[in-house]
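Coordinate analysis (summary)
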There are 6 protein chains.
Amino acid sequence: MSVVVRNIARADAQVIDDLAKCGVATVHEAQGRMGLLASYMRPIYRGAAIGGSAVTILAPPADNWMLHVAIEQLHPGDVMVLATTSPSDAGYFGDLLATSALARGCRGLIIDAGVRDVKDLEKMGFPVWSKAICAQGTIKETLGSVNVPVVCAGANVDPGDIILADDDGVCVVKRAAAADVLKKAQDRLSNEEAKRQRLASGELGLDMYKMRERLAEKGLRYV
Amino acid sequence: MSVVVRNIARADAQVIDDLAKCGVATVHEAQGRMGLLASYMRPIYRGAAIGGSAVTILAPPADNWMLHVAIEQLHPGDVMVLATTSPSDAGYFGDLLATSALARGCRGLIIDAGVRDVKDLEKMGFPVWSKAICAQGTIKETLGSVNVPVVCAGANVDPGDIILADDDGVCVVKRAAAADVLKKAQDRLSNEEAKRQRLASGELGLDMYKMRERLAEKGLRYV
Amino acid sequence: MSVVVRNIARADAQVIDDLAKCGVATVHEAQGRMGLLASYMRPIYRGAAIGGSAVTILAPPADNWMLHVAIEQLHPGDVMVLATTSPSDAGYFGDLLATSALARGCRGLIIDAGVRDVKDLEKMGFPVWSKAICAQGTIKETLGSVNVPVVCAGANVDPGDIILADDDGVCVVKRAAAADVLKKAQDRLSNEEAKRQRLASGELGLDMYKMRERLAEKGLRYV
Amino acid sequence: MSVVVRNIARADAQVIDDLAKCGVATVHEAQGRMGLLASYMRPIYRGAAIGGSAVTILAPPADNWMLHVAIEQLHPGDVMVLATTSPSDAGYFGDLLATSALARGCRGLIIDAGVRDVKDLEKMGFPVWSKAICAQGTIKETLGSVNVPVVCAGANVDPGDIILADDDGVCVVKRAAAADVLKKAQDRLSNEEAKRQRLASGELGLDMYKMRERLAEKGLRYV
Amino acid sequence: MSVVVRNIARADAQVIDDLAKCGVATVHEAQGRMGLLASYMRPIYRGAAIGGSAVTILAPPADNWMLHVAIEQLHPGDVMVLATTSPSDAGYFGDLLATSALARGCRGLIIDAGVRDVKDLEKMGFPVWSKAICAQGTIKETLGSVNVPVVCAGANVDPGDIILADDDGVCVVKRAAAADVLKKAQDRLSNEEAKRQRLASGELGLDMYKMRERLAEKGLRYV
Amino acid sequence: MSVVVRNIARADAQVIDDLAKCGVATVHEAQGRMGLLASYMRPIYRGAAIGGSAVTILAPPADNWMLHVAIEQLHPGDVMVLATTSPSDAGYFGDLLATSALARGCRGLIIDAGVRDVKDLEKMGFPVWSKAICAQGTIKETLGSVNVPVVCAGANVDPGDIILADDDGVCVVKRAAAADVLKKAQDRLSNEEAKRQRLASGELGLDMYKMRERLAEKGLRYV
């Protein structure tokens, strides 16, 4: 049952970095509003925005042994994604593990559980999106798996999927779709800049998006 | 059913601004501990403190069409207050809508749902108090209403009511009561400054508020 | 039923301060993963880290009378710990009470309820760990007790216990165990520094902690 | 501030009873999907279905004094609706109060807080829809009001409004709209019976409601 | 750290049974509104009402090994009380363990976690009050303790304390106070029967409890 | 984006029925503790226990149009599994849809949202496991998909997977693994019956499972 998959395919590094620049909200729209993790996943500090390849971890409740195993599998540019076999908000991850992960080029952690040493993590610049901040320690007794498909905070994550995370939340992009999604996201962004200027000048969305007729058709009345 | 009320009465601008200076906690006390929104309504960034006239929005779950409609109804100094017809934490509002709202003099958004682009909103100085931060997008399919009475986060808000929001939460003051509430709130504040100095010098609340006798009557024992 | 205990034993001041330097996560580990308050207890601002002797308060819902009573019992270096007789997220504590508590040398408040005036509290440097931030005021009608044993956020706190709180949460150390726990915590910390350097240099936890053999025994397979 | 309004208008008794027969889900649809209380309001036992005129109660947290006051205001056929000034799940109501309310012809209680003695209440046939079941007692120290407008579980309730409650939840119908809503609800029901038989015979909703064309227009593809 | 205490003192069997007859709500009142577990603790089926001596269990998350250890320590008339070292809603207990516990005269389980096989448990007549019903299995890897003081659902429970549980919730009575609490509870009950008859005959609580004068003093106005 | 997959593979009918007889808790154990839906998924009435092939539905919040589309795709023995694109507790499903689903041989509904008409559904014998019971109606405005992979209440469900549901919760068995899982589950059950009798006769799990030695090794002390 417990397995570590050593070789996983990753998306093109440039595509990943460009997706990260688009931001979670834009990419999520661009890929048809799919792949968002639940909104209870919050960054431990504001301002970080990352993209990377998912190294997935399936871990027992309050047991962080598999994080040690996962770190060996990290390539520079990876993001760890931890799901649990039963809900837990224990603090699986702290500054020692972050030191080790950083040494291997890891860009951050997405964890459907708890994290601790958050002041140190912020100082080190190691971003984490988690369900909880919790000093509760964990044990190393029970196996899990590394680089198997997981459901993390309601989203399906396969090893090597692209993970994007910023202040708005966390989104997963399927590896095969990455280039296509990037194109759509960049189109949205260039499109948005023009709209922003028109809106800033006072033009109404009702006019810019030509909504008035459809609102009237649906029966909106002004009184 | 779906209606936009174009003309709403607003309170005196000076009264609104003076209420905002008093702060949510003080005004809430001053008006007899009424009108507070539920404590799950949190600011997306710390330090903002606003007052304004409510432009209310009743919107379907995960559908932000009515926000576009509401923006046209904004006057400088208004605050948008969005309630949903069914609970949702989708991200109804982001930087484009904020750009448009700012262009019309809007001071902020109170939303019993989700918001996104929070880093941009902070940069723009557009404050939002919300139930969630969520990258989940919305659609524009179903009508709602603008400037009808709504229940937002447990509080009754009529169009034109005064909305106050700061780091402690969000409070609504009925338009007709505004001047009276302001007077009471200012009395509390001037009263508080004297108390603050006495307490800072080491005087006890037990003595300053003359509580000892009543505590003894109720049966408090010191051992 | 309602009682104020005036004389409580406190731990050695130096031991308390040294425990605070170790941090909540380390101390919690050092004492066998006991004494942590529930993870919903969050600091109202980031960066504070305190240690002190518990002055405990048992208060009715939405009634802060006992806080006034408790402040008289504070010694310099104390931390107030408030539990309620029935759950409440009302704002029991604000800047006036903080002014008074500070004047008596109080280091902070742990409250399984709500707090308000958080912007002022941050400005004053008075840290609070709470279940909620809420402008809702309280009354002064019903007695409670001061310096009796309480269950606060799931943890047993006796008056005079050591309270530690930082960005990771809140932990209670039994007074009798304080010196022993401090020793164990300091051992962990000196131990950690060496590990941190090895991990930073790229050594794996799998090797440093000699985990590979035990993982294989348990049946972990690499594919 | 604290007031008891003695004379409130009530809707026609037959209209109320006929609305109750339609059920909460149907009436809620019939009045345009408005007036539903939050879904956390659950019956303490299954199978009860009531309609009545709202006698509203605004009560402090964990203080049930106003329930005693409200019982005097009950007319046969009334339903008590209790909202709190600050959230509480204490047990405000038990078998003694139910005995008293039953003696005055009360049909049930809607309470955005807790209730106790639930086994006795079921035996007596006194239905309650509540946020919690909780043995926690309450006090009688602080005033509230009776028959003032309240927000209960997210819905606006005025004294004399019609309250409907069954296994699906709780709904409020504005007094002035009662007769009109009843007509719409009864139309829906007669309409539903015919549909039920067609669906039971195997006819598809897709055909019965003629949805296929609109689905195709919107772009649904079958593969 | 991990310990099983074999000999614990228990309260008088008759006192326990008589307390159980009084019910949770009454006993909780009688002992000054203390000792109630959080209201999220719900019975897996309605109608059970038990009293017994607490055999306490401190267990790791999702690990039920200590339940096997605890069963050996059960005396007829005991109730098991399980707290976890970190929150978990896994299903620690099912029909096999219940069979074993029943064979030793155990009266029920109070568990601040999950339980499964609930249909079988109901059929067997083995009542459980739990935080969750959950099919999620547990492991047997990590030690905990049996018959040590625990905090269960917010209440302090010492081994040998009296546990009362019924449809209203769960309450703990300190062993030393049992006889005294019983007397007070029985006084309340006999007192209540007379009140019930007067209320049933239509007498108002306002008159029976002579509340009118105090309400007027506090300022209640009738309009 | 919006698609209906008409032909899906289903598992052997006998295997499905035999799995259902094993029960959710046993099957979940038998397949290595995987595939459980979150414990907030509760049956609308007690005692139902079903097994069937998943017809999956991905639906917008508060929009039940896709349920009408899905019903056409049902084969006798199927179970509908509805996930939403954004969280919702609206009542997507009631007695009319149940009538239609029953006419096509559907065995039940698993819905990560709300359901209504629960009294009628119980009378009809149509079981539902849901996140909420809610009278809130839905609309038919926005497309979703039928028979695509979904994440429902934290579990990955592919069309044609086996769904098992009873009073303990809901579990998904991958179609390819069904026969193998059935064998393991049946082994567990026959195994359990013998254990049950030994435990009922008073034999301790500590002895039957030979735990004493391992407990001692881990360091458990009896005092």
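A brief look at the structure comes next. Owing to the predicted nature of the structure, the values given are computational and were not obtained by experimental measurement. (Residues numbered from 1 in each chain as written. Chains lettered and ligands numbered in written order. Predicted model: local features only at pLDDT ≥ 70, side-chain atom pairs only at ≥ 80, totals over all residues. Heavy atoms only, no water.)

**Describing the overall build of chain A**
- A count of helical and extended segments in chain A gives eight helices and 12 strands.
- Its C-alpha atoms give chain A principal-axis dimensions of roughly 65 × 35 × 35 Å.
- A separation of at least 24 residues holds for 75% of the contacts in chain A among residues at least 6 apart in sequence.
- Accessible surface, chain A as shown: approximately 7,800 Å² in total, 51% of it carbon and sulfur. (Helix = DSSP H or I, 4+ residues; strand = E, 2+ residues; numbered from the N terminus. Contact = heavy atoms within 4.5 Å. Areas by Shrake-Rupley, 256 points an atom, 1.4 Å probe, with all protein chains shown as cover.)

**Points about the environment of V24 of chain F**
- Among the secondary structure elements, V24 of chain F is positioned in helix α2 (residues 24-30).
- The exposure class assigned to V24 of chain F is buried, which follows from its relative accessible area of 1%.
- Along the primary structure V24 of chain F and K184 of chain F are separated by 160 residues, whereas in three dimensions their C-alpha atoms are 13 Å apart.
- Excluding residues that lie within four positions of it along the chain, V24 of chain F makes contacts with A135 of chain E together with L36, L164, A165, D166, G169, V170 and C171 of chain F. (Buried < 20%, exposed > 50% of the residue type's maximum accessible area, 1.4 Å probe, protein only.)

**Some words on the interface of chain E and chain C**
- Counting residues at the interface gives eight residues for chain E and eight residues for chain C.
- When chain E packs against chain C, the two sides together hide about 660 Å² of surface, and 53% of this comes from carbon and sulfur.
- Ranking the residues of chain E by area buried against chain C places M1, V151 and N156 of chain E at the top, with a combined share of 49%.
- Our count for the chain E to chain C interface comes out at two salt bridges.
- Between E141 of chain E and K218 of chain C there is a salt bridge whose closest N-O contact spans 3.1 Å.
- When its residues are assigned to classes, the side of chain E that touches chain C shows two nonpolar, four polar and two charged. (Buried area = accessible area lost by both parts, 1.4 Å probe. Salt bridge = Lys/Arg side-chain N within 4 Å of Asp/Glu carboxyl O. Nonpolar A, V, L, I, M, F, W, Y, C, P; charged D, E, K, R; others polar.)

**Things to note about the interface of chain A and chain C**
- Counting residues at the interface gives 37 residues for chain A, matched by 34 residues for chain C.
- For the chain A and chain C pair, buried surface summed over both sides reaches about 3,200 Å², with 56% attributable to carbon and sulfur atoms.
- Ranking the residues of chain A by area buried against chain C places W65, L96 and I133 of chain A at the top, with a combined share of 19%.
- Along the contact surface separating chain A from chain C lie five salt bridges.

**Focus: the pattern of salt bridges**
- In this structure the tally under the stated criterion is 120 salt bridges over all chains.
- Taking the shortest distance from any N to any O, the salt bridge between D95 of chain B and R196 of chain A comes out at 2.6 Å. Remark: R196 of chain A occurs in helix α6 (residues 178-200) and D95 of chain B occurs in helix α4 (residues 95-103); the pair is interchain, linking two chains.
- The class for R196 of chain A is partly exposed, based on a relative accessible area of 22%.
- Notably, a salt bridge pairs E29 of chain C with R33 of chain C, separated by 3.0 Å at the nearest N-O pair.
- According to the relative accessible area criterion, E29 of chain C is buried, its value standing at 10%.
- Residue classification places R33 of chain C among the partly exposed positions, given a relative accessible area of 27%.

**Brief notes about the relation of the copies chain A and chain C**
- Between chain A and chain C, the superposition needs a rotation of 120° and an axial shift of 0.0 Å, giving an RMSD of 0.0 Å. Seen this way, the second copy is the image of the first under a three-fold rotation axis. (Least-squares fit on C-alpha atoms with pLDDT ≥ 70 in both.)

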